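The primary structure of each chain is shown beneath.
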Amino acid sequence: MTDDLAGTVAAAQAGDEESFRLLYRSLQPGLLRYLTALVGPDAEDVASETWLQISRDLSRFTGGEFRAWAVTIARNRAMDHLRRQRRRPALPVPVQALTDLAGDADTAERAGETIGTESALALIATLPPREAEAVLLRAVIGLDAETAGRVLGRRPGAVRTAAHRGLRRLAALLERRDATQPSDDERATPPRPRPTPRASRAEPADG
C-alpha cells in the first residue's frame, strides 16, 4: 500500500468522510471491473455490498495492503452471491472495459499496448478461470503476485505463472484477431459493384 493511501485509510478510520470518498473513488473502478468478471451484470449490487462491509469493518483494518483487504471482501461477497444463485463464476461478454492492461513480462507489455479497451474483457473471458482471475488481480487491481496469492489462497509463484500464461494467451489471441481483420486499405476500398445482367428483349407475338 502506498504512503498516500495509508494516510487516506488512517484519516477515514478517524471518521473523515472525504477520505473515505477518496478511497471509494480510487478503488471502485477496478473493483467493479473485477466483480464484472465474476458475477456479470450483478457486479454493481455486489460492489454495493462490498462497500457496506468495508465501511462497517474499516475500524478493524490493522494495516497492510488495503487494496488486498478490499478485494478479498469483494471476492467473498461475489462467491456468496454465486452460491445464492447456485451457479459457477463466469467471465461474461463485457459490460465494462478493462484499461491499462500491463505486467512485468514482455508479453504483458505487448498485450497492454495492443489490446483495445472495448474488447479486453471479451478476450479475458476466453481464458481458463485461474488465468483470468490472476490477470484481473494483477493488471486491474494492481496487486503484486504475493498479495494476489493471499487473496486467492495460492502460492505467489502459481499466481505469477497463471498471469503470465494468461497474458501470453491474450497476446496470441490479439495476433490472430489482427491477422483476420481487413487492412486499412481493404477497408478504404469499396467493393466493386457486380454487373447487372441485361434483360432479354421480348420477342414480338405472332400474328
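Preceding this section is the structure that the text describes.
Bear in mind the structure is a predicted one, so any value in this text is a computation, not a measurement.

Draft legend 1. Focus on the packing of aromatic side chains. All chains considered together, the criterion is met by 5 aromatic pairs. Look at Phe20 and Trp51: their rings are 5.8 Å apart centre to centre, the planes differ by 85 degrees, and that puts the pair in the edge-to-face class. Within this pair, whereas Phe20 is found in helix H2 (residues 17–39), its partner Trp51 is found in helix H3 (residues 43–57), the two being separated by 31 residues in sequence. A relative accessible area of 22% means that Phe20 is categorised as partly exposed. The class of Trp51 is buried, set by a relative accessible area of 7%. Relative to Phe66, the ring of Phe61 lies with its centre 5.3 Å away and its plane at 85 degrees, an arrangement referred to as edge-to-face. Since its relative accessible area comes to 0%, Phe66 is described here as buried. Linked through ring pairs, Phe20, Tyr24 and Trp51 together constitute an aromatic cluster.

Draft legend 2. Highlighting the pattern of salt bridges. Taken as a whole, this structure holds 11 salt bridges when the rule is applied. Between Glu18 and Arg21 there is a salt bridge, and its shortest N-O distance comes to 2.9 Å. Note that Glu18 and Arg21 are positioned in helix H2 at a spacing of 3 residues, about one turn of the helix. Residue Glu131 pairs with Arg169 through a salt bridge whose shortest N-O separation is 2.6 Å. Highlighted residues: Glu131 in helix H7 (residues 129–141) and Arg169 in helix H9 (residues 156–180), separated in sequence by 38 residues. For Arg169, a relative accessible area of 40% corresponds to the partly exposed category. Residues joined in a network through salt bridges with shared partners are Glu17, Glu18, Arg21 and Arg25.

What counts as what
- Just so you know, the residues in each chain are numbered from 1, in the order the chain's sequence is written.
- This being a predicted model, a pLDDT of at least 70 is required before a residue's local features are given, and a value of 80 or more before pairs of side-chain atoms are given or counted; all residues contribute to the totals for chains, interfaces and linings.
- Where side-chain values are given, they derive from all heavy atoms of the structure, hydrogens and water being excluded.
- Any Phe, Tyr or Trp ring, taking Trp's six-membered ring, that has another such ring centre within 6.5 Å forms a pair; planes under 30 degrees apart are called stacked, those over 60 apart edge-to-face, and the others tilted.
- For the purposes of this entry, the term helix denotes a DSSP run of H or I that reaches at least four residues, the term strand denotes a run of E that reaches at least two, and both are numbered from the N terminus.
- Each residue gets one of three labels from its accessible area relative to the maximum for its type: buried under 20%, exposed over 50%, partly exposed in between, using a 1.4 Å probe on protein chains only.
- We define a salt bridge as a side-chain nitrogen of Lys or Arg found within 4 Å of a carboxyl oxygen belonging to Asp or Glu.

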